[in-house]
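# A structural walkthrough
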Amino acid sequence: MKRLLSLTIQWARLLEELNMEYPRHFLDLDRFNKKTLRKILSMGVYFKNTPLSKLTRKPLANKTVAMLFEKPSTRTRVSFEVGIHQLGGNAIILDDSMTQLGRRETIADVARVLSRYVDGIIIRTDNSEKLEEFQRNSSIPVINGLTNNSHPCQIMADIMTYEEHRGNILDRSVAWIGDGNNVAVSWVHAASKFSFKISIATPPDFGLPTDVISWAKNERCALKITADPVQAISNADLVVTDTWVSMGEKIKKKNLSLLEPYQVNSDLMHKAASDALFMHCLPANRGKEVTTKVLDGTQSVVWDEAENRLHAQKGILAWCIAENQFLE
Ligand code: CP
Ligand code: NVA
């Protein structure tokens with residue numbers, strides 16, 4: 001009996017270490033251990049580098065994945081749908097007018113019903129609580145396709161993109177300039193999990209959520225926070241920005257003039273390392289958070305970044321949904 005108990009504990013520890021419990025959700029980077037995120041990323045790189053015809057076994061064969069969008073999307077929707085097909089699965093798109101998550105019936109009930117039909121679900125929602133409630137009631141993997149609080153799939157693609165161009169991101173310096181939004185939060189999570197330095201420059205009113213700052217401190221993450229974009233960008237290896245108004249934010253409530261000094265333009269880019277890269281998750285507002293010259297300039301890798309959503313997410317899909325033998 002004692003032996004059985006000890007074996008069970010050892011097995012549980014192993015699963016925990018590899019984040020291998022089922023269902024395997026992809027909710028936020030801060031919930032993962034470093035090893036698992038590296039594994040997911042390397043699976044994405046493998047899918048990118050392996051022609052589809054050479055994939056002897058399709059990891060999502062006979063699997064169906066639903067995608068539920070409460071907010072607009074181009075990249076997330078299309079890259080996931082294409083990725084699911086390329087891995088041998090079927091995708092079903094559910095837009096909010098159809099499902100009316102939490103309005104037509106409770107979120108828990110939708111989660112229970114979909115768990116009986118499909119093998120995984122990707123959710124983009126305006127409220128991260130809805131994602132949490134869904135996953136608590138779901139017996140299938142749930143993937144975060146963006147919430148008001150985070151955008152983890154994006155950052156997996158971004159890390160893949162950085163490493164393709166410049167090698168391992170370990171100990172490199174990333175500068176986030178602009179609004180302390182959902183994408184910035186996932187960048188901070190990634191800084192701890194992939195061991196790089198991050199400087200966040202935002203106007204004081206638009207800083208990172210305090211719980212994220214406390215988490216980063218606890219994790220001993222190399223996070224610097226400043227209101228000065230020049231200080232944050234100095235010698236950075238990678239410069240990142242995003243829209244000043246995220247989907248669902250009330251534009252009238254935000255004094256956008258406070259963000260104007262945070263525009264990533266050529267003058268500011270010159271303060272970064274001479275071989276620094278520029279990233280933006282897109283959609284971009286040219287002439288607002290970034291100038292056209294920077295977005296279309298030689299340091300910008302935004303199109304590779306957009307492409308890598310497809311490849312990185314194939315790694316995520318396979319990790320979450322494929323049978324265990326694909327993960328060995
Ligand atoms: N970057 C990103 O998530 O783009 P979409 O909003 O178009 O999906
Ligand atoms: N911060 C942006 C990201 C869009 C992909 C938003 O939430 O609208």
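Up top you'll find the structure we're talking about.
Residues numbered from 1 in each chain as written. Chains lettered and ligands numbered in written order. Predicted model: local features only at pLDDT ≥ 70, side-chain atom pairs only at ≥ 80, totals over all residues. Heavy atoms only, no water.

### Quick look at the packing of aromatic side chains
Scanning the entire structure with this criterion turns up 4 aromatic pairs. An aromatic cluster of three or more residues is present, and its members are Phe26, Phe32 and Trp319. When the ring centre of tryptophan 319 is taken as reference, the NZ or CZ atom of arginine 24 above it lies at 5.8 Å. For the cation-ring pair, lysine 254 lies above phenylalanine 206, with the distance from its terminal atom to the ring centre recorded as 5.0 Å. (Phe/Tyr/Trp six-rings, centres within 6.5 Å; stacked < 30°, edge-to-face > 60°. Lys NZ or Arg CZ within 6 Å of the ring centre and 35° of its normal.)

### Details of the site of ligand 1
By nearness alone, every residue bordering ligand 1 is listed as Ser73, Thr74, Arg75, Thr76, Arg124, His151, Gln154, Cys281, Leu282 and Arg309. Within the contact set of ligand 1, an oxygen atom lies 2.7 Å away from a side-chain nitrogen or oxygen of threonine 76. Side-chain polar atom of glutamine 154 to a nitrogen atom of ligand 1: 3.0 Å apart, as the coordinates give it. Considering ligand 1 on its own, with 250 Å² of exposed area, one finds that the protein chains cover 96% of that surface. Of the residues assigned to the shell around ligand 1, the class counts are 2 nonpolar, 5 polar and 3 charged. (Near = heavy atom within 4 Å. Polar contact = N/O pair within 3.5 Å; in protein donor to acceptor, adjacent residues only side chain to side chain. Areas by Shrake-Rupley, 256 points an atom, 1.4 Å probe, with all protein chains shown as cover. Nonpolar A, V, L, I, M, F, W, Y, C, P; charged D, E, K, R; others polar.)

### Some points on the sheet that holds strand β4 (residues 142-144)
Strand order in this open sheet of 4 strands is β2-β1-β3-β4, and the pairing throughout is parallel. Of all strands in the sheet, those with a lone pairing partner are β2 (90-95) and β4, marking the two edges. Going across the sheet, the axis of each strand differs from the next one's by a mean of 20°, ignoring polarity. For strand β1 (residues 64-69) and β2, the ladder comprises 6 bridges, and the chain directions are parallel. (Pairing = 2+ DSSP bridges. Helix = DSSP H or I, 4+ residues; strand = E, 2+ residues; numbered from the N terminus. Axes fitted to C-alpha atoms, helices over the stretch in contact; angles between N-to-C directions.)

### Some details on helix α9 (residues 210-218)
Within the sequence span of α9, burial applies to Val212, Trp215 and Ala216. Around the axis of α9, the buried residues are gathered within 100° of arc, so they sit on the same side. Exposed residues on α9 whose side chains face more than 90 degrees from its buried face are Thr210, Asp211, Lys217 and Asn218. Those residues of α9 that are buried are in contact with α8 (182-193) and β7 (223-226). Phi turns positive, to about 55°, at arginine 220, one or two residues after α9. (Buried < 20%, exposed > 50% of the residue type's maximum accessible area, 1.4 Å probe, protein only. Arc of directions from axis to C-beta. Contact = heavy atoms within 4.5 Å.)

### A short note on the site of ligand 2
Every residue near ligand 2 is listed here: Leu146, Asn181, Asn182, Val183, Asp242, Thr243, Ser246, Met247, Cys281 and Leu282. With respect to ligand 2, the side chain of asparagine 181 contributes an N or O atom lying 3.3 Å from a nitrogen atom. Separating a nitrogen atom of ligand 2 from a side-chain N or O atom of aspartate 242 is a distance of 2.7 Å. Protein contacts shield 94% of the accessible area of ligand 2, which totals 270 Å² for the unbound molecule.

### Concerning the side chain of glutamate 70
Positionally, glutamate 70 belongs in the loop between β1 and α3 (75-86). Judged by its relative accessible area of 15%, glutamate 70 falls in the buried class. Of note is the side chain of glutamate 70, whose polar atom sits 3.5 Å from the backbone nitrogen of aspartate 126. A polar side-chain atom of glutamate 70 sits 3.0 Å from a polar atom in the side chain of lysine 130. Those residues within four positions of glutamate 70 in sequence are excluded, and the remaining contacts are Asp96, Leu101, Arg124, Thr125, Asp126 and Lys130.

Nothing here speaks to function; it is geometry throughout.
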